[in-house]
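Structural overview
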Amino acid sequence: MNYEIIFYRSGQTAAMQQRLEQFLQPYGLSLSGASAAGEADELGKHLSSALKKSRLIITIGGLDDSAQSTEKLLARMLTPKSKDTPLCCLLSQPGEGCYIKSGGQVILILPDRPDALEALNDRLAVLFKEAFQLEAEKTVRPDTDKIGEQISSDLSISKRSPVMPYGSTAEKRNSAILKTLKIALFILLAAGILEAAGALLYYFLTR
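Given the structure is predicted, the values throughout are model-derived calculations rather than measurements. (Residues numbered from 1 in each chain as written. Predicted model: local features only at pLDDT ≥ 70, side-chain atom pairs only at ≥ 80, totals over all residues. Heavy atoms only, no water.)

The α-helix winds at 3.6 residues per turn, so residues separated by three or four positions along the chain end up facing the same way. Between its terminal C-alpha atoms helix α1 (residues 13-24) stretches 16 Å, which fits the 16 Å expected from 12 residues at 1.5 Å a residue. Where α1 is buried, its residues meet β1 (2-8), β3 (56-60), β6 (105-110), α4 (116-119) and α5 (121-132). (Helix = DSSP H or I, 4+ residues; strand = E, 2+ residues; numbered from the N terminus. Expected span 1.5 Å × (residues − 1). Contact = heavy atoms within 4.5 Å.)

Pasting the structure below:
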């Protein structure tokens, strides 16, 4: 399902659009258009156009409790189909977001703050399920018990077959032994050469 965004006196359009898209993606909602309004008449025009195309319209900004505040403007622009249905329902505390639900359409009125979405997460989940039968896809969490078992297994293997680091005591000891063997071999070779030379000299002297 698609939705549209209308920014009204918003100063964080890029940050809010990016955060909102990330927030709504698990519900399978896709952004089909975004517009901005600085005055009440512009807001009315954009809203009228969006209502003809989308079931979900999200206005961002303008929640300042003034006469031109978004929820007050929409209350004057829109009339509920049923007199028993309140026009604007709070999502949380006043100024923290509200919505208008009529038939199969919903208008979300959100503050101009990216962090506000996190606080409204549970309430919006209920609203989307009631209005559109939409639920966020559940993220599969890793099985921490299995991960712990695997780590323990890996550690036990490493204990059975330790790998000595470069420059370890054992390596230095092996290097010293090899050096000693080389010296001993050199001495033996030198002694053999001297013995052979002595034998050759004795042979010539006794002829």
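Tracing the sequence through the fold places T70 in helix α3 (residues 70-77). The contacts of T70, once residues within four sequence positions are left out, are Y8, L43, T59, G61, G62, L63 and I109.

Turning our eyes to something else, we now look at the packing of aromatic side chains. Evaluation of the coordinates by the stated rule reveals two aromatic pairs. Ring geometry for Y27 versus F128: centroids 5.0 Å apart, planes at 75 degrees, classification edge-to-face. Here Y27 is found in the loop between α1 and β2 (30-37), whereas its partner F128 is found in helix α5, with 101 residues between them in sequence. Members of the aromatic cluster, joined through ring pairs, are Y27, F128 and F132. (Phe/Tyr/Trp six-rings, centres within 6.5 Å; stacked < 30°, edge-to-face > 60°.)

Right, let's talk about α3 for a bit. Turning to α3, its buried residues are T70, L73 and L74. Viewed along the axis of α3, the buried residues span an arc of 95 degrees, placing them on a single side of the element. In this structure, the buried side of α3 is in contact with β1, α2 (40-51), β3, β5 (98-102) and β6. (Buried < 20%, exposed > 50% of the residue type's maximum accessible area, 1.4 Å probe, protein only. Arc of directions from axis to C-beta.)

Now for a nonpolar patch on the surface. A cluster of nonpolar residues, I183, F186 and I187, forms a patch on the protein surface that exposes about 330 Å² of accessible area. As for its placement among the helices and strands, F186 is situated in helix α7 (residues 169-205). A relative accessible area of 59% means that F186 is categorised as exposed. (Patch = residues over 30% accessible without salt bridge, like charges linked within 9 Å, V, L, I, M, F, W, Y side chains within 5 Å. Areas by Shrake-Rupley, 256 points an atom, 1.4 Å probe, with all protein chains shown as cover. Salt bridge = Lys/Arg side-chain N within 4 Å of Asp/Glu carboxyl O.)

Moving on, we come to the packing of α2 against α3. Where α2 contacts α3, the two axes come as close as 11 Å, and the packing angle between them is 60 degrees. When the axis of α2 is compared with that of α3, the two are oblique. The interaxial crossing formed by α2 with α3 has right-handed handedness. Here A40, L43, G44 and L47 of α2 come into contact with α3, specifically with T70, L73, L74 and M77. Here the residues of the contact of α2 with α3 sort into six nonpolar, two polar and no charged. (Axes fitted to C-alpha atoms, helices over the stretch in contact; angles between N-to-C directions. Parallel < 35°, antiparallel > 145°, perpendicular 65-115°, else oblique. Left-handed = near helix turned anticlockwise from the far one by under 90°. Nonpolar A, V, L, I, M, F, W, Y, C, P; charged D, E, K, R; others polar.)

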